[in-house]
Amino acid sequence: MVAMRNLLLILLFTLLTVSIAAAQDWTPVTPGGDALCARGIPYTFFVRAGDPDKLLIYFEGGGACWNDETCALNSGLFDEVVEGNEAAAYSQGIFDPVNPENPLVGYTTVFVTYCTGDYHLGTKTVEYAGGAIEHKGSINATAALNWAFANVPRPNNVVVAGCSAGAIGAIYYTPTIARRYRSAHLTEFGDAGIGVINPAWGGFDVWGVRNRRVAPDQFVSSLTAAAARSYPRSEFGAYTTYNDGVQTQYDVMMGAVEAWPLAMQATLDGLQRYANFGSFVAPGGEHCITPTPRFYSENVNGVRFRDWFAALVEHNDVADVHCTEC
């Protein structure tokens, strides 16, 4: 009997291990054609199979470049390639495939990798002193979205999210996704990509960003406002720390005109008029939260971020949360 019990325990452990491994499997998709990374290497995104009724489209972060200095070879300011099984590094936070507290556990996931230095928005090849950069983020993102539309045709729940530069990609493509999935419950969430930008910054023009009718400092907030108005049944949210070190760094490089926390707060204050938009501002200077263990541990003014995010995805009312001692 002991031997039989031990055999059953081994079998159960093996099945659990196989199940976890399968849940963590990412499948690479290389669309070919004009979908390229910055230095001309073919572009690859990743997919993780799950419930076809639930879809997460996640835009990866990875810096930006817009001139000879920032786009120099090995500048360290933007991701230039998709390296190996890049998505495998995403196994925590909302990507934890087995944590029962994960509000997105079991979601089919399209992981839109980022390697073009253009917030996923570019359409041009640009010559810099260090060589040409394929700012083809729009082409790459569109290839990933077309895969999602063809292979996950009728989900009931859709979450569009992104970290840092990916947060800007997420809100930019939300109207496209919402039009395709008209009957779905849709949530858009921007993680550590508030969009504080010098109004005189010229990066969007360098990248050939389409349909840009506002000054750079209003670009992200205007996208959010327009989407919140156009899709009142959808929910929109944003997260940042008060002194986010990465967002502050890029704001300075773009020619900051005021202290980043003040500009960040003004941006969020301008969006509070929309009942379907909520923000969560935590103390400190850390960057993205969705792919980290902080997703479960962050607590501000007695509100746990995981619970706030879950309520947003469930289309329950969420209050704006702002640290009092930032």
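Scroll up to find the structure this text is about.
Quantities reported herein were computed from a predicted structural model and do not represent experimental measurements.

Undergrad: Got a minute to help me understand the pairing of strand β6 (residues 131-135) in this structure?
TA: Look at any regular strand and the pattern is simple: side chains alternate between the two faces of the sheet. Across five bridges, the pairing between strand β5 (residues 124-128) and β6 is antiparallel. Counterpart to K124 in the pairing with β6 is H135. Connecting β5 to the next strand, β6, in antiparallel fashion are two residues.

Undergrad: Before we go on, may I ask you to explain the packing of helix α2 (residues 137-151) against helix α3 (residues 165-180) in this structure?
TA: Geometry of a packed helix pair, given as the angle between the helix axes and the separation of the axes. One way to put it is that α2 packs onto α3 with a least axis distance of 12 Å and a crossing angle of 20 degrees. Between α2 and α3, the angle is such that the two are roughly parallel. The handedness of the crossing between α2 and α3 comes out as right-handed. In contact with G137, S138, A141, L145 and F149 of α2, α3 contributes Y173, T176, I177 and R180. When grouped by side-chain class, the residues that make up the contact of α2 with α3 number five nonpolar, three polar and one charged.

Undergrad: What's the story with the side chain of T224 in this structure? I'm lost.
TA: With respect to the helices and strands, T224 occurs in helix α5 (residues 219-230). Sequence-distant contacts of T224, that is, excluding residues within four places in its chain, are made with I171, L271 and F277.

Undergrad: In this structure, what is going on with unusual backbone geometry? I would like to understand it.
TA: Keep in mind that most residues, glycine aside, have a negative phi and that most peptide bonds are trans. Even without a glycine there, the phi angle at A192 is positive, about 60 degrees. If you trace the backbone, A192 turns up in the loop between β8 (185-191) and α4 (203-207). Of note, N301 is a non-glycine position whose phi angle comes to about 55 degrees, a positive value. Inspection of the secondary structure puts N301 in the loop between β11 (299-300) and β12 (303-304). Residue classification places N301 among the partly exposed residues on the basis of a relative accessible area of 48%.

Undergrad: Just checking my understanding: could you explain the sheet that holds strand β4 (residues 107-112) for this structure?
TA: Strand pairing in a sheet relies on backbone hydrogen bonds. The paired strands run either parallel or antiparallel. Read across the open sheet, the nine strands follow the order β1-β2-β4-β3-β7-β8-β9-β10-β13; overall the sheet is mixed. Edge positions in the sheet fall to β1 (27-29) and β13 (321-322), since each has one partner strand and no second. Of the strands in this sheet, β9 (235-241), β10 (277-282) and β13 touch helix α7 (residues 260-271), which is tilted by about 155 degrees from β10.

Undergrad: Sorry if this is basic, but what is going on with the pairing of strand β2 (residues 45-48) here?
TA: Because side chains alternate across β2, one face comprises the buried residues F45 and V47, and the other comprises F46 and R48, equally buried. Note that β1 and β2 share three bridges and pair antiparallel. When the bridges of β2 are listed, V29 appears paired with F45. Of the pairings in the sheet, the one linking β2 to β4 comprises three bridges and is antiparallel in character. Within β4, the position partnered with V47 by the bridge is V110.

Undergrad: How should I be thinking about the packing of aromatic side chains in this particular structure?
TA: Each pair of aromatic rings is reported with the distance of its centres and the angle of its planes. Under the counting rule described, the total for this entry stands at 32 aromatic pairs. For the pair Y90 and F95, a centre-to-centre distance of 5.4 Å together with 75 degrees between the ring planes defines the contact as edge-to-face. Here the two residues Y90 and F95 agree in accessibility, since each one is buried. An aromatic cluster is built from F59, W66, Y119, Y172, Y173, W201, F204, W207 and F219, whose rings are joined through pairwise contacts.

Undergrad: Is there a simple way to explain the layout of surface pockets in this structure?
TA: A water-sized probe rolled over the atoms picks out the places where empty space is left. Quantified by volume, the largest pocket comes out at close to 450 Å³. Y172, P175, R210, N211 and L223 are the residues nearest the centre of the largest pocket, which is lined by 19 residues in total. Looking at the lining of the largest pocket, the elements with two or more residues in it are α2, α3 and α5. In terms of residue class, the lining of the largest pocket is built from nine nonpolar, six polar and four charged.

Undergrad: Can you walk me through the state of the cysteines in this structure?
TA: Should the sulfur atoms of two cysteines be covalently bonded, the bond is a disulfide. Enumeration over the complete set of coordinates arrives at four disulfides. Across the disulfide from C37 sits C115; the S-S distance is 2.1 Å. Taking the torsion about the S-S bond as the criterion, the C37 to C115 disulfide, at about -80 degrees, is left-handed. Linking C37 in the loop between β1 and β2 with C115 in the loop between β4 and β5, this pair joins segments that are 78 residues apart in sequence. The same class applies to C37 as to C115, namely buried. One disulfide in the model links C65 with C71; its S-S distance is 2.1 Å. Taking the sign of the torsion about the S-S bond as the criterion, the disulfide between C65 and C71, at about 95 degrees, is right-handed. On the basis of relative accessible area, C71 is assigned to the buried category, the value being 1%. If the cysteines joined by disulfides in the protein chain are listed in sequence order, their pairing comes out as 1-4, 2-3, 5-6, 7-8.

Undergrad: Explanation requested: empty space enclosed by the protein in the structure shown.
TA: Within the structure shown, the criterion is met by two cavities of 30 Å³ or more. Of the pockets and cavities examined, the largest cavity occupies roughly 130 Å³. As for the largest cavity, its lining consists of 14 residues, of which G193, I194, V220, T224 and A238 are closest to the centre. Those elements giving two or more residues to the lining of the largest cavity turn out to be α3, β8, α5, β9 and α7. The greatest single-element share of the lining of the largest cavity, amounting to three residues, is contributed by α7. The class makeup of the residues in the lining of the largest cavity is eight nonpolar, five polar and one charged.

About the criteria used
The residue count restarts for each chain, going from 1 along the sequence in the order it is written. This being a predicted model, a pLDDT of at least 70 is required before a residue's local features are given, and a value of 80 or more before pairs of side-chain atoms are given or counted; all residues contribute to the totals for chains, interfaces and linings. To get the side-chain values, take all heavy atoms of the structure and skip hydrogens and water. By the convention used here, strands pair only if DSSP detects at least 2 bridges between them. Working definition: helices are DSSP H or I runs of at least four residues, strands are E runs of at least two. Numbering for both runs from the N terminus. Note on method: axes are straight lines fitted to C-alpha atoms, helices fitted across the in-contact stretch only, with angles between N-to-C directions ranging 0 to 180 degrees. Here roughly perpendicular refers to angles of 65 to 115 degrees, roughly parallel to angles under 35, roughly antiparallel to angles over 145, and oblique to all remaining angles. Each crossing gets its handedness from the near helix: less than a right angle anticlockwise from the far helix is left-handed, clockwise is right-handed. The contact criterion used throughout is that any non-hydrogen atoms of two residues lie within 4.5 Å. Residue polarity is assigned by list, with Asp, Glu, Lys and Arg as charged and Ala, Val, Leu, Ile, Met, Phe, Trp, Tyr, Cys and Pro as nonpolar; anything else, Gly included, falls into the polar class. Burial classes follow relative accessibility: with a 1.4 Å probe on protein chains only, a residue under 20% of its type's maximum area counts as buried, one over 50% as exposed, and anything between as partly exposed. Here a Phe, Tyr or Trp ring, Trp counted by its six-membered ring, pairs with any other such ring whose centre lies within 6.5 Å, and the pair is stacked when the planes are under 30 degrees apart, edge-to-face when over 60, and tilted otherwise. Here the term cavity refers to a set of points on a 1 Å grid, laid over the protein atoms alone, in which a 1.4 Å probe fits but cannot get out; the term pocket refers to an open set having protein on both sides within 12 Å along at least five of seven lines, with lining residues being those that place an atom within 4 Å of a point. Grid points are joined across faces, edges and corners, and a volume is the space filled by probe spheres set on the points. The criterion for a disulfide is a pair of cysteine sulfur atoms lying within 2.5 Å.

That's the geometry; what it means functionally is another story.
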